[in-house]
Amino acid sequence: MEKDTIVLFPAPGIGHIVAMVELAKLIQTHRFTITIILTTGLLDHPTIEHYIRRITAAHPSISFLRLPHIPLSAATSVSLAARAFAFIKANASSVATSLSQISQTTAVKAFIIDLFCTSAMEPASSMGIPVYYFFTSGAAVLALFSYFPKLHEQGSESFKDMVGVELRVPGNAPLKAVNMPEPVLDRTDPAYWDMLYFCTCLPKARGIIVNSFPELEPLAVNAVAEGACFPNAERGPRVYYIGPLIAEPQQSDAGRDSKECLRWLEEQPRRSVVYLCFGSRGSFSVAQLKEIAKGLERSGHRFLWVVKKPLEEEGANQIDEAAKPGDPLDLASVLPNGFLERTKDRGMVVEAWAPQVEVLSRESVGGFVSHCGWNSVLGAVVAGVPMVAWPLYAEQHVNREGMVGEMKVWVGVNEREEDGVVSAEEVEKRGREVMETKEMCIRDSYRDVT
């Protein structure tokens, strides 16, 4: 008997694809086959193809379907987010065709999409296929995006220009308007209006699957459940919390540097190492890298620090000018003179990437300085490692305010007002706080929850 099928459609990029695959692993246990539709032409990379082959071999019930290649618009007058959203929308007809073809041989019981893939909702609904969102951020961000149409109605000024204004959103700590996620900062950017459309469509889905759990975000979960975040909807959609869902460690993929840093961690005392990593786009200026180095050296603590190629210009942001995978990096040229030699007995600096799930699971790791990306938040929670919150982009300021301001389970860094740099003194202070404060020892308590 032919199994029923569930079709998943992630946004482009390895992070979105991995998240959908982890959801697919859960779904396949309920006797469904899974087809994951992938775009071609944006954020493609050889590592994605390698990952797909490995997943297909390990999980025969999960298959991948590549859509025809569509070139990304070369326009430079709009943001990268706007170009990406236009690219996804250009794939809508191919998605509809694929759903129709799949439906000829099996019953499609559900179509699960990323928020950024909302343009595919209408074609699926017109075929009678129930559409669900998979929300890879937490409940606080879901509450914010659900409430975004209401914020839009309350004024006409771009959030980027609302300096000194705090936004009050149900289920969220107060958030500075200028710290809203980039695609909604500027009303003159087409991405703003795309996001408004996406968020307006949230209540139209059959349900929303969220990678979080109520014990982590009780205020946001309650606000969503009470309907406070869907002010313009007749009813809120059903919300399913299935987290914490994080990628499984893949030892077979670890390169020499990754294996070396794991061996080094195994040799360190329990809860003695502070781990610093800032995500795939977490590049800093050379000046900021030197401040981090000075702070680590002054703290006296052991550390494992993942460093990416620095931004070309002082003050450049992570959104447009982050280093790309594989960019060469001479560590000695971007760190203080003699830093590597002076700290070689208690610290390790690795270039570009480390196996984060495996790193956080090591007993020697006692603190995590992070950009507050949701996968990193969940990874720290599952491992029971306290975090120093240093948000850089996307929804990370929302995550920070929830965990630092509302939940008060982590500490946050403070930037200098004059240049936005986090000083060496601040790095030292927050590193010591997370490593030396007894109340921050949550490794065992969080495991009880998760």
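These figures come from a predicted structure and were not determined experimentally. (Residues numbered from 1 in each chain as written. Predicted model: local features only at pLDDT ≥ 70, side-chain atom pairs only at ≥ 80, totals over all residues. Heavy atoms only, no water.)

Asker: Provide a residue-level description of the overall build of the protein, including the pertinent values.
Answerer: On a plain count of helices and strands, the protein comes out with 18 helices and 15 strands. Expressed as a percentage of the 450 residues in the protein, the buried residues total 56%. Pairs at least 24 apart in sequence give 73% of the contacts found in the protein among residues at least 6 apart. A total of about 20100 Å² of accessible surface is found on the protein, and carbon and sulfur atoms cover 51% of it. (Helix = DSSP H or I, 4+ residues; strand = E, 2+ residues; numbered from the N terminus. Buried < 20%, exposed > 50% of the residue type's maximum accessible area, 1.4 Å probe, protein only. Contact = heavy atoms within 4.5 Å. Areas by Shrake-Rupley, 256 points an atom, 1.4 Å probe, with all protein chains shown as cover.)

Asker: Got a sec to walk through empty space enclosed by the protein? Specific residues and values, please.
Answerer: Within the structure shown, the criterion is met by four cavities of 30 Å³ or more. As a volume, the second largest cavity reaches approximately 110 Å³. Looking at the lining of the second largest cavity, the elements with two or more residues in it are β10 (273-277), α10 (286-299) and α17 (424-436). Of the residues forming the lining of the second largest cavity, the biggest block, five residues, is contributed by α17. Its residues placed into classes, the lining of the second largest cavity shows nine nonpolar, four polar and two charged. (1 Å grid on protein atoms, 1.4 Å probe; cavity = no way out; pocket = protein on both sides within 12 Å on 5 of 7 lines; lining within 4 Å. Points joined across faces, edges and corners; volume = space filled by probe spheres on them. Nonpolar A, V, L, I, M, F, W, Y, C, P; charged D, E, K, R; others polar.)

Asker: Break down helix α2 (residues 46-58) for me, with residues and values.
Answerer: Residues three or four positions apart in an α-helix share a direction because the helix packs 3.6 residues into each turn. With 13 residues, α2 should cover 18 Å at 1.5 Å per step; its first-to-last C-alpha distance of 19 Å lies within 8% of that length. Ile-48, Tyr-51, Ile-52, Arg-54 and Ile-55 are the residues of α2 that are buried. Angular distribution of buried residues about the axis of α2 spans 165°; they occupy a single face of the element. Away from its buried face, by an angle of more than 90 degrees, α2 presents the exposed residues Pro-46, Arg-53 and Ala-57. If you follow the buried residues of α2, they end up packed against α1 (14-28), β2 (33-40) and β3 (62-69). (Expected span 1.5 Å × (residues − 1). Arc of directions from axis to C-beta.)

Asker: How would you explain the confidence of the model for the protein if you had to name every residue and give the values?
Answerer: Across the protein, pLDDT averages 89, with 90% of residues at or above 70. Counting contacts from residues 314-326, a segment whose pLDDT is below 50, to residues more than four positions away or on other chains yields 27 contacts. pLDDT under 50 marks residues 443-450. Its contacts with residues more than four places away, or in other chains, come to 24 contacts. (pLDDT = per-residue confidence, 0-100.)

Asker: Any details on the packing of α1 against α2? Residues and values, ideally.
Answerer: Between two packed helices, what matters for the description is the angle formed by their axes and the separation of those axes. It is at 11 Å that the axes of α1 and α2 come closest, and there the two elements cross at 10°. The pairing of α1 with α2 is recorded here as roughly parallel in orientation. From α1, Ile-14, Ile-17, Val-18, Val-21, Glu-22 and Lys-25 reach across to α2, where they touch Ile-48, Tyr-51 and Ile-55. Considering only residue class, the contact of α1 with α2 consists of seven nonpolar, no polar and two charged. (Axes fitted to C-alpha atoms, helices over the stretch in contact; angles between N-to-C directions. Parallel < 35°, antiparallel > 145°, perpendicular 65-115°, else oblique.)

Asker: Give a description of the environment of Thr-118 that names residues and reports values.
Answerer: As for its position among the elements, Thr-118 is in the loop between β4 (108-113) and α5 (121-126). Expressed as a C-alpha distance, the spacing of Thr-118 and Asp-194, which sit 76 residues apart in the sequence, is 9.4 Å. A distance of 2.9 Å separates the side chain of Thr-118 from the side chain of Tyr-133, its partner in a polar contact. (Polar contact = N/O pair within 3.5 Å; in protein donor to acceptor, adjacent residues only side chain to side chain.)

Asker: With reference to specific residues and values, describe the packing of α10 against α17.
Answerer: Contact geometry for α10 and α17: axes closest at 7 Å, N-to-C directions at 45°. As the angle between them shows, α10 and α17 are arranged oblique. The hand of the α10/α17 crossing is right-handed. Residues Glu-291, Ile-292, Lys-294, Gly-295, Leu-296, Arg-298 and Ser-299 of α10 touch α17, and the partners they reach there are Ala-424, Glu-425, Val-427, Glu-428 and Arg-432. Among the residues forming the contact of α10 with α17, the class breakdown is four nonpolar, two polar and six charged. (Left-handed = near helix turned anticlockwise from the far one by under 90°.)

Asker: So what's going on with the side chain of Arg-187? Which residues, and what values?
Answerer: Along the polypeptide, Arg-187 turns up in the loop between β7 (175-176) and α7 (190-201). The buried charged residue Arg-187 lacks any salt bridge, with Asp-186 as its nearest oppositely charged partner at 8.0 Å. For Arg-187, the side chain forms a polar contact with the side chain of Tyr-192, separated by 3.3 Å. In this view, Arg-187 contacts Leu-151, His-152, Gly-155, Ser-156, Glu-157, Ser-158, Tyr-192 and Trp-193; residues no more than four positions away in its chain are not counted. (Lys, Arg positive; Asp, Glu negative; His and termini not counted. Salt bridge = Lys/Arg side-chain N within 4 Å of Asp/Glu carboxyl O.)

Asker: Requested: an account of the pairing of β2, with residues and values cited.
Answerer: In terms of burial, β2 is largely enclosed, as seven of its eight residues are buried. For strand β1 (residues 5-9) and β2, the ladder comprises four bridges, and the chain directions are parallel. Within the sheet, the bridge partner assigned to Val-7 lies in β2 and is Thr-35. In this region the chain leaves β1, passes through α1 and returns to the parallel neighbour β2; the handedness of that crossover is right-handed. (Pairing = 2+ DSSP bridges. Right-handed = clockwise from strand over helix to strand, strands pointing away.)

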